[in-house]
Amino acid sequence: MLMDKFEKLALEAIEESKTSTYTPQDPFASFGFNANPFLETTIEELQNEECIESRFRVVIKYINKVYNSFKENYSENKSNDNIIMDGVLYGSSQSGMSTLISLSHQYLVKVHKELTNAVYTDAYELVEFEDNQYSIAKTFQNFRNHIGGQSTEGDAIPLLIVDHADFLIEFFEDFRYSIDRDFQNTPIVFIFSQAGWTRLKNELAFSEYDLINHMVPSQKISSLNEDEIFEILSLKLSKDGQILNPFSHEILKAISKKSSGSLINAIKICSKVCDECFINGLDVASLSFVNDITSLLAIDVNKEFFDLVTLNDNTQTFVLSLIAMKSIAYDFGITYDDIVNNLGIQKNSASHHLKQLQEKRYLIKRTVNRKAFYRLRDELKTLADTYLMKSFEQKETLVRLESISDLI
């Protein structure tokens, strides 16, 4: 049977295509980068970031202060087997705190003889969350295994650092007592976001846990400003001291401004700019291109949000404060009941405020077991930590927020 023309062409094309394959290319690599520069941060890069120096010094001094305070209290109260002297470092979300804390731990164990066995843990990696609940027993076991695995047999652990401590707020007291049972008289430095730290203080105000006498006064880690984010982006997106395409000095300045103090926002914009320039065959991004991407990622609402939380002090900003405190870790977010119970307003008023905030693209809604929950969008968390929480703290108002175990 003779093949028709198109059957023959199809077979020829299939045969030819066997030697022709396509491997997707990293957009960053297509512009001369070795790989996506935001996937990893090296010690060499950090040494070139001047903005990290003052923060690094603050963290090292504070951790050492906690350790020295514990030693002094322990020597004076050796008869007391339950000495707890902890510390809290807190700051704005998405401002490079985890990188800073990890770096500080690396150098503490390297240069401080008494803290050679200090252990760094990350609650984000160790906390178990299953079926919309915190699995507390598994979480404690994870910490027990991790801390025990980091220590040399027979050697006491002089200090423990717990990053992303927001994930422990729901069961903070139980966690602290559990650690003290397994690793007695080990001071802990907890790392919180501003919203997480504010929420924990409110939670413990209604408990018997003596936070004041168990803790060295907390230390805030300053937020990143626009110039510092520009410095970080310039170092990350340069090769041999030259900013690579599709970026430029002007473009990185614009991105730094639009990021509103959030390093994650800046990275999102940069990554999307690189992707879109690669797809559209553009060698260099333009300011209008950056504006379009910022709008596409819904980061353009940051300016409106900033104006709201810095120029107003009303019911809506109070509601936003509650939402910010409920937008951490695995929390589902705020409910109507949280707003009604803490503000003493009617449910229809709470609904009105939530609807307005959602229309402004500040919130995301999630339904769990037919109940509505509202969280602050990730892109706004840095502004909330930096400005909204500061305003809320100044009111010296205590609020009581529902826990996940109360809701499910």
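Note that this is a predicted model, so its numbers are computed, not measured.

Comments concerning the side chain of T294
And step 1. Looking at the secondary structure, you find T294 in helix α13 (residues 287-296).
And step 2. Residues contacting T294, with those up to four places away along its chain left out, are K258, I269, I299 and D300.

Comments concerning the packing of helix α7 (residues 136-150) against helix α8 (residues 172-182)
And step 1. Two elements in contact, α7 and α8, have axes separated by 11 Å at closest approach and are oriented at 40°. Seen from above, α7 lies across α8 with right-handed handedness. Between α7 and α8, the contacting residues are F140, F143, R144 and I147 on the first element and D174, F175, S178, I179 and D182 on the second.
And step 2. Partitioning the contact of α7 with α8 into residue classes produces five nonpolar, one polar and three charged.

Some points on the pairing of strand β10 (residues 363-368)
And step 1. Two strands pair when backbone bridges link them, and β10 and strand β11 (residues 371-376) are joined in this way by six bridges, in the antiparallel orientation. Each residue of the ladder has a partner; that of I364, found in β11, is R375.
And step 2. Count of turn residues in the β10/β11 antiparallel hairpin: two residues, of which N369 carries a positive phi of about 50°.

Concerning the nonpolar core
And step 1. In terms of nonpolar packing, the biggest core is built from 66 residues, with F143, F190, F192 and L320 touching the most fellow members.
And step 2. Take this core: its biggest share by element is seven residues, from helix α15 (residues 315-325).
And step 3. Sequence-distant contacts of F192, that is, excluding residues within four places in its chain, are made with V88, L89, Y90, G91, M97, A165, D166, I169, F172, W197 and L200.
And step 4. Grouped together as the second largest cluster of nonpolar side chains are 29 residues, F31, I232, I269 and F289 included.

Rules used in this analysis
- Residues numbered from 1 in each chain as written.
- Predicted model: local features only at pLDDT ≥ 70, side-chain atom pairs only at ≥ 80, totals over all residues.
- Heavy atoms only, no water.
- Helix = DSSP H or I, 4+ residues; strand = E, 2+ residues; numbered from the N terminus.
- Contact = heavy atoms within 4.5 Å.
- Axes fitted to C-alpha atoms, helices over the stretch in contact; angles between N-to-C directions.
- Left-handed = near helix turned anticlockwise from the far one by under 90°.
- Nonpolar A, V, L, I, M, F, W, Y, C, P; charged D, E, K, R; others polar.
- Pairing = 2+ DSSP bridges.
- Core = buried A, V, L, I, M, F, W, Y, C linked by side-chain atoms within 4.5 Å.
- Buried < 20%, exposed > 50% of the residue type's maximum accessible area, 1.4 Å probe, protein only.

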